[in-house]
Amino acid sequence: MTKAQVAKIERLTRKNDPDATKENILKIATEEFVAAGFSGARVDEIAERTKTSKRMIYYYFGSKEGLYLAVLEQAYTKIRTLESELDLENMPPIQAMAQLIASTFDHDDQNPDFVRLVSIENIHRAEHMKRSVVLSQMNIAVIDIITQILERGYADGSFVRRVDPVDLHMMISAQCFFRVSNRHTFGAIFERDLSSEALKKRHKSLIIDAILAFLKNPSSDMI
């Protein structure tokens, strides 16, 4: 196929269904970045698998880094959107917090690619993420959600321990994230299949109970 033919196909594709084209590129790019990391992923391979070209990918995303950031933004958008749709403001504080934790647990368990992408970006010391205005603004939303649940809980006496919302977000994320990011090594060491339904059910209850107990009891400084 000549360059002129390729260019014609690209123009027709962009014109006929640009959103579907971008979505397909993001889907395949996610698979490539998850499998090979940012450094190992190849735009040529993504172009071949999406039946497009590097030129078209750069038309939409600017560069390989732009494509990678778009993948990260899409991954974080999914979990932040999920949280915003839980209707937590209409639940009692304890129920709302339990639901938020359960949602985080289920999301991480069902989206190992998200966990892998975050792990990869940590290898790069978040150097790409720091350049994204979208990500910095988007992730403020979950802190606002946690803050509102905590304040309602303090007001009605459901929660006693004062805690920084970012610290609490870290606690929730850490416990839900670890069992996915480390499921293979942890499973090999202790001969536990962390993907089993029985263990998932038990671990979800354990994490919810532990964090709620933490919030319901005073800290040692308050005793």
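Residues numbered from 1 in each chain as written. Predicted model: local features only at pLDDT ≥ 70, side-chain atom pairs only at ≥ 80, totals over all residues. Heavy atoms only, no water.

Student: If you had to explain the UniProt feature "DNA-binding region" (unreviewed entry) in the protein chain to someone new, which residues and values would you point to?
Tutor: Cross-referencing UniProt, the feature "DNA-binding region" (unreviewed entry) maps to residues 42-61 in the present numbering. Secondary structure across residues 42-61 divides into 75% helix and 0% strand, with the first and last C-alpha atoms of the span separated by 14 Å. (UniProt positions renumbered as here; feature names shortened; annotations may be inferred. Helix = DSSP H or I, 4+ residues; strand = E, 2+ residues; numbered from the N terminus.)

Student: Pulling in residues and values, what's your account of unusual backbone geometry?
Tutor: Phi at Lys51 takes a positive value of approximately 55°, unusual for a residue other than glycine. With respect to the element layout, Lys51 can be found in the loop between helix H3 (43-49) and helix H4 (54-61). Unusually for a residue other than glycine, Ala126 sits at a positive phi of about 60°.

Student: Now, about the packing of aromatic side chains: what can you tell me, with residues and values included?
Tutor: All chains considered together, the criterion is met by 8 aromatic pairs. Between the aromatic rings of Phe33 and Tyr68, the centroid separation amounts to 5.0 Å while the plane-to-plane angle is 70°, which identifies the pairing as edge-to-face. Within this pair, whereas Phe33 is found in helix H2 (residues 18-40), its partner Tyr68 is found in helix H5 (residues 64-84), the two being separated by 35 residues in sequence. Both residues of the pair, Phe33 and Tyr68, count as buried. Look at Tyr59 and Tyr60: their rings are 5.3 Å apart centre to centre, the planes differ by 75°, and that puts the pair in the edge-to-face class. Looking at Tyr60, the relative accessible area reads 16%, which means it is buried. (Phe/Tyr/Trp six-rings, centres within 6.5 Å; stacked < 30°, edge-to-face > 60°. Buried < 20%, exposed > 50% of the residue type's maximum accessible area, 1.4 Å probe, protein only.)

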